[in-house]
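Listed here are the chains, written in short residue letters.
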Amino acid sequence: MTRLSGKVAVITGAASGIGASAAQRFAAEGATVVVADVDETSGKQVAAEIGGTFIRCDVTVESDIEALVAAAVDGHGGLDVFYGNAGVTGIQGPITGLDASAFDRTVAVNLRSIALGMKHACRAMQTQGKGGSIISTTSVAALQGGLGPHVYSACKAAIVGLTRSVAVEQAPFGIRVNAIAPGGTVTNLFASGEGLEGEAAAHLTAAIAEKLAHGQPIRRAGMPADIAAAAAYLASDDAAFVTAQVIVVDGGLTGAFSAGNLPDPNEQPAAE
Ligand SMILES: NC(=O)c1ccc[n+]([C@@H]2O[C@H](COP(=O)([O-])OP(=O)(O)OC[C@H]3O[C@@H](n4cnc5c(N)ncnc54)[C@H](O)[C@@H]3O)[C@@H](O)[C@H]2O)c1
């Protein structure tokens, strides 16, 4: 497929998980991909595998985001797709124990970065004058309670509001602004959220994958490639009339019934 040929795409948080999978998918569909992350080792590896470029970018630092967009424009002749995907679990625990500084740090990674990414991507796309696609990673935790930590969920819900608001403003420029809400997806997010590495991280990820396989109507864990496929659609001209939307990719979790109320897959529906 060459849906993205001729397009330059920047993806943040592309050293791992959903972002790395999107980088692979975008490149396979013909895009020139700029892999952005704080993790230089894995980021460079992903970029090398897909023939892309790695730029070190801490999304909590506005000058890093500005330099990232400039690197795409100066190095590759433009910016067609900006996928703000970097995120962390951030502060966890009960609301009664909320630490204000940790709140600010979580918001800086998960929300402020998305707004600043939109700012600099829209500036570049407006200057270019040929529109573009901005995609952000939100979460099912934005849509229902109990699916993520409080501040994480709040940031992801705010991304939905930001997406719809900026989409209205940018439509006259031909810039489409959408978000993707993944359900539970097998990545390193859970282990890094617990501060785990190596074997302990692999053990927790395997346990989560097993749990996720039974958490929604489609009885398998969500995989990064599932989310990357939705991102490739939004990045492409197939989505030319799609803006201000949140595409939920969750195996039916939020659209069907609650995880605690799933029917037994071995039970046949009663005949009418
Ligand atoms: N995995 C899930 O179940 C799930 C569900 C819903 C939403 N999400 C969202 O998907 C996105 C990608 O997460 P993932 O699951 O692939 O996890 P991941 O941990 O595999 O990838 C996250 C990437 O973001 C990078 N990152 C973290 N802080 C950064 C910073 N300050 N600057 C630049 N890069 C930074 C990390 O180095 C890592 O490469 C996140 O926004 C996450 O909230 C994940």
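Definitions and limits used
Residues numbered from 1 in each chain as written. Predicted model: local features only at pLDDT ≥ 70, side-chain atom pairs only at ≥ 80, totals over all residues. Heavy atoms only, no water. Domains from an automatic or database assignment. Contact = heavy atoms within 4.5 Å. Salt bridge = Lys/Arg side-chain N within 4 Å of Asp/Glu carboxyl O. Polar contact = N/O pair within 3.5 Å; in protein donor to acceptor, adjacent residues only side chain to side chain. Buried < 20%, exposed > 50% of the residue type's maximum accessible area, 1.4 Å probe, protein only. Helix = DSSP H or I, 4+ residues; strand = E, 2+ residues; numbered from the N terminus. Pairing = 2+ DSSP bridges. Right-handed = clockwise from strand over helix to strand, strands pointing away.

*Asks:* What exactly am I supposed to notice about the domain arrangement of the protein chain here?
*Replies:* A common way to express how large an interface is: the accessible area buried when the components associate. For the protein chain, the assigned domains read domain 1 (8–185 + 223–248) and domain 2 (188–221). On a C-alpha basis, the centres of domain 1 and domain 2 stand 22 Å from each other. Taken residue by residue, the interface counts ten residues in domain 1 and eight residues in domain 2. Our count for the domain 1 to domain 2 interface comes out at one salt bridge. At the junction of domain 1 and domain 2, the tally comes to three residue pairs in polar contact (both at pLDDT 80 or more).

*Asks:* In this structure, what is going on with the pairing of strand E6 (residues 175–182)? I would like to understand it.
*Replies:* On any regular strand, side chains alternate: one points to one face of the sheet, the next to the other face. Burial analysis of E6 places eight of its eight residues in the buried class, which makes it a mostly covered element. Where burial is concerned, the two faces of E6 agree: the one with Ile175, Val177, Ala179 and Ala181 and the one with Arg176, Asn178, Ile180 and Pro182 are both buried. The pairing of strand E5 (residues 132–137) with E6 spans six bridges and is parallel. Residue pairing for E6: Ile135 is matched across the bridge by Asn178. For the segment spanning E5, helix H5 (residues 150–170) and E6, crossover handedness is right-handed. For E6 and strand E7 (residues 246–249), the ladder comprises four bridges, and the chain directions are parallel.

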